[in-house]
Amino acid sequence: MEQRKSMRRGCTRIGLALLANFGATYLCVWGLEMLIYLVYPEALSNMTFLMLVSDLGTYGAGGLVLWLLLRPLPQTAPNRRSMTPVRFGKLTLEAIGLMYSASLLTTIIVSLITAVTGQDMSNLLDSTVESMPLASMFFYMVIVAPICEEVIFRRILFRRLLPMGQKFAVVISALAFGLYHSNLYQFFYATALGLLFGCVVAKTGRIRYTILLHAILNLLGSVVVTWLEPFAALSVAFTILIYALMIAGLIVLVRDFRSLVPAAPSLPGCWRAAFTAPGWLAYVVVLGVTSVAVTFFV
């Protein structure tokens, strides 16, 4: 009973820390934009500059607040193991399979909702990416985001969840990662990738592999797609290639599934502790509502 109470308190702190991360991010971004508006308002029309402001809020203020609030919690570092290039190649295929199949599922869900409600749903990521220069897109999407997000979710957060069990840490960090994106378009594939990345960290103890996987996926999904857009034939060929890789990746994933999933059992009562913890439930509800609102009304 005491162990369950301790886990519940830990999950509440984690949920509140994630909420504080969310709040600090938007307060910082809002404050910086107000300051820029007073000093140099023309900068607010520059998407590269706005991405810098967004990253300062998201990974600077938000990341710092999360780290400070989670510092008192006990943490466990997974055992470190190396990975062969062949295994990493398989993981890359599996990640592509998960990302694009989840994106396809999202497209189907969005189409059904639009058909039923007549409400168009906005994809802020696409509109943001399309308005950025390729060099800026590469820097923010392929370098900054993978490094910062993997440090936040697969190191700072993951290590605080790991004392309750590897499977528990994988699932909760993945769900937190999916909700963190604050829109339905990214929720499903971000959660799916979070599960895969969590399994990789649980098995290898290293985030360098997930940073590289994350960077490859962002490169394919943002930079390459945008670069090929003016070339219709190449764009179609790339789409066909991606879907071929998606199918191959899903086949490899099914075959490797048992070797990916951590075998160690989680602590008894950890799942109940998480989903009865007020702080964690608050994070799920607030970010869930935000994701729906951003998708439908922004």
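The coordinates are above.
Here we summarise the structure given alongside this text. Every value quoted in this text rests on a predicted model; they were computed, and no experiment measured them. (Residues numbered from 1 in each chain as written. Predicted model: local features only at pLDDT ≥ 70, side-chain atom pairs only at ≥ 80, totals over all residues. Heavy atoms only, no water.)

Observations concerning the overall build of the chain
Right, on to step 1. Each helix and strand counted, the chain has 11 helices and 0 strands in total.
Right, on to step 2. Listing every helix and strand of the chain by position from the N terminus yields α-α-α-α-α-α-α-α-α-α-α.
Right, on to step 3. Against the globule reference of 19 Å for 298 residues, the chain gives a C-alpha radius of gyration of 20 Å, in line with a compact fold.
Right, on to step 4. In terms of overall dimensions, the chain has a C-alpha envelope of 60 × 50 × 40 Å along the principal axes. (Helix = DSSP H or I, 4+ residues; strand = E, 2+ residues; numbered from the N terminus. Rg over C-alpha atoms; globule rule 2.2 N^0.38 Å.)

Some details on the nonpolar core
Right, on to step 1. By size, the foremost hydrophobic cluster in this structure holds 51 residues, and its most contacted members are L18 and W280.
Right, on to step 2. Contributing elements (two or more residues each) for this core: α1 (2-39), α2 (47-70), α5 (134-161), α6 (166-180), α7 (184-204), α8 (208-228), α10 (270-274) and α11 (278-297).
Right, on to step 3. If sequence neighbours within four positions are ignored, L18 has contacts with L66, F153, L157, A176, W280 and Y283. (Core = buried A, V, L, I, M, F, W, Y, C linked by side-chain atoms within 4.5 Å. Buried < 20%, exposed > 50% of the residue type's maximum accessible area, 1.4 Å probe, protein only. Contact = heavy atoms within 4.5 Å.)

Remarks on helix α3 (residues 85-117)
Right, on to step 1. For α3, spanning 33 residues, the distance from its first C-alpha to its last is 47 Å, which sits close to the expected 48 Å at 1.5 Å a residue.
Right, on to step 2. Just beyond α3, the residue with positive phi is G118, at close to 75°. (Expected span 1.5 Å × (residues − 1).)

Things to note about α8
Right, on to step 1. For α8, spanning 21 residues, the distance from its first C-alpha to its last is 28 Å, which sits close to the expected 30 Å at 1.5 Å a residue.
Right, on to step 2. Of all bends in α8, the biggest is about 35°, found at L219. (Bend = angle between axes of the 7 residues up to and from the residue.)

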